[in-house]
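# Remarks on the overall topology
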Amino acid sequence: MAAASNRLDRFLARTLQRSLKQIRLDLAKGRVKVDSALCDEPARLVHQFTRIVYDGQVLQNNQPVYILLHKPVGVVCATKDAEHKTVIDLIDHPQRDELHIVGRLDLNSSGLVLLTNDGRWSSVLTDPEQKVPKVYNVEVEHPLTASYITAFAEGMYFEYENHTTAPALLKILSTHTAQVVLTEGKYHQIKRMFGRFRNPVLKLHRVAIGDYHLPSDLKVGEWRLVS
Ligand code: URA
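Remember, predicted model here, so these are calculated numbers, not experimental data.

With that settled, the discussion passes to the side chain of T165. Along the chain, T165 falls in the loop between strand 12 (163-164) and strand 13 (169-174). A polar atom in the side chain of T165 sits 2.7 Å from the backbone nitrogen of M156. What T165 contacts, discounting residues up to four positions off in sequence, is G155, M156, F158, E184, Q189 and M193.

Turning next to the packing of helix 1 (residues 8-16) against helix 2 (residues 20-28). Put simply, helix 1 and helix 2 touch, their axes get as near as 9 Å, and they point 115° apart. Taken together, the axes of helix 1 and helix 2 are roughly perpendicular relative to one another. In this structure, helix 1 meets helix 2 at a crossing whose hand is right-handed. In this structure, helix 1 uses L8, D9, R10, L12, A13 and L16 to contact helix 2, whose residues at the interface are L20, I23, R24 and L27. The class makeup of the residues in the contact of helix 1 with helix 2 is seven nonpolar, no polar and three charged.

Another aspect to go through is the site of the ligand. In the vicinity of the ligand, the contacting residues are L105, D106, S109, Y136, H188, Q189, I190, K191 and L204. Taking Q189, its main chain carries an N or O atom lying 3.5 Å from an oxygen atom of the ligand. For the ligand, whose free accessible area comes to 240 Å², the fraction covered by protein is 95%. The greatest single-element share of the shell around the ligand, amounting to three residues, is contributed by helix 5 (residues 189-195). When its residues are assigned to classes, the shell around the ligand shows four nonpolar, three polar and two charged.

In this section: the nonpolar core. Counting residues in each nonpolar core, the largest one holds 33 residues, and the members touching the most others are V87, L115, V138, F152, V180, I190 and F194. Only strand 7 (66-71), strand 9 (110-116), strand 10 (134-140), helix 4 (146-154), strand 14 (177-182), helix 5 and strand 15 (201-209) provide two or more residues apiece to this core. When sequence neighbours within four positions are dropped, the list of residues in contact with F152 reads A166, P167, A168, L170, V180, M193, F194 and F197. Counting 14 residues, the second-largest nonpolar core is a separate cluster that includes I23, V32, V34 and C39.

Before going further, it helps to examine the side chain of H70. Residue position: H70 is located in strand 7. For H70, a relative accessible area of 9% gives the class buried. A polar contact of 2.7 Å, which involves the side chain of H70, links it to the backbone oxygen of L218. Residues within four places of H70 in sequence aside, it is in contact with G111, H205, L214, L218, K219, V220, G221 and E222.

Another point: the pairing of strand 15. When strand 9 meets strand 15, the two strands line up parallel, connected through two bridges. In the sheet register, G111 faces strand 15, and the bridge partner there is R206. Sheet topology note: the strand 10/strand 15 ladder contains seven bridges and is antiparallel. Note that in strand 15 the partner of Y136 across the bridge is R206. Of the pairings in the sheet, the one linking strand 15 to strand 16 (residues 212-213) comprises two bridges and is antiparallel in character. The residue bridging A208 from the neighbouring strand is H213, located in strand 16. Counting the residues between successive antiparallel strands, the hairpin from strand 15 to strand 16 contains two residues, one of them, G210, with a positive phi of roughly 55°.

Further remarks concern the environment of V87. Along the chain, V87 turns up in the loop between strand 7 and strand 8 (100-102). Separated by 16 residues in the primary sequence, V87 and K71 have C-alpha atoms spaced 7.0 Å apart.

The next thing to look at is the sheet that holds strand 5 (residues 52-54). What links the strands of a sheet is backbone hydrogen bonding, and the strands pair in either a parallel or an antiparallel sense. What the four strands build is an open sheet, ordered 3-2-5-6; its pairing is antiparallel. Sheet topology places strand 3 (37-38) and strand 6 (57-60) at the edges, where each strand pairs with a single neighbour. One ladder, built from two bridges, connects strand 2 (residues 32-34) with strand 3; its direction is antiparallel. Paired with V34 across the bridge in strand 3 is A37. The strands that helix 1 touches are strand 2, strand 5 and strand 6; relative to strand 6, the one it contacts most, it runs at about 110°.

Analysis parameters
Residues numbered from 1 in each chain as written. Predicted model: local features only at pLDDT ≥ 70, side-chain atom pairs only at ≥ 80, totals over all residues. Heavy atoms only, no water. Helix = DSSP H or I, 4+ residues; strand = E, 2+ residues; numbered from the N terminus. Polar contact = N/O pair within 3.5 Å; in protein donor to acceptor, adjacent residues only side chain to side chain. Contact = heavy atoms within 4.5 Å. Axes fitted to C-alpha atoms, helices over the stretch in contact; angles between N-to-C directions. Parallel < 35°, antiparallel > 145°, perpendicular 65-115°, else oblique. Left-handed = near helix turned anticlockwise from the far one by under 90°. Nonpolar A, V, L, I, M, F, W, Y, C, P; charged D, E, K, R; others polar. Near = heavy atom within 4 Å. Areas by Shrake-Rupley, 256 points an atom, 1.4 Å probe, with all protein chains shown as cover. Core = buried A, V, L, I, M, F, W, Y, C linked by side-chain atoms within 4.5 Å. Buried < 20%, exposed > 50% of the residue type's maximum accessible area, 1.4 Å probe, protein only. Pairing = 2+ DSSP bridges.

Quick look at the structure:
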């Protein structure tokens, strides 16, 4: 989903259906503005959110959108779903059809979901190499013991993905509740990790992704723009 940079002359040639030679002449004649300033450089790099104007005609003027959502249980993290309400259905914003989800939550999990139309931002947040911490509050059926802390920190081998989970921090909050910090996002990862102890997860709620925290005054089902 990364939004690649593109050369200005190639962008113009494709958008205006003109040859690169014609476009370079147009640039030299001062017919193009990039982010409100005249630009005559064919090799200037432009991206999804660069404003580009040709002879007064706006060719591109996309605005980046960043959204925090408090996802309720029972809403699906997808853009379309035949059966359930989706996170997009909860967002009444003119650019909602451009949005994609930055790290999904299961149908029966709740909490922070980030949405954006900026592929560069989402690819940094979801890149396992960046080790962006995702913080979850978890309630389980059976009492927790110190052995969970060790097992989460050591990592668990998932045969299906042929992957050993990255060290995860588990802090016991009470007999049946814990806070878990992951730096990756494998399918149903937390449920599968507690599954190793045959301890079903009863509630799973995400409170933070990197520097973004679920605001305490953001009610279930509500969303907010962030800059
Ligand atoms: N782990 C899970 O099992 N479910 C989620 O929604 C997120 C992490």
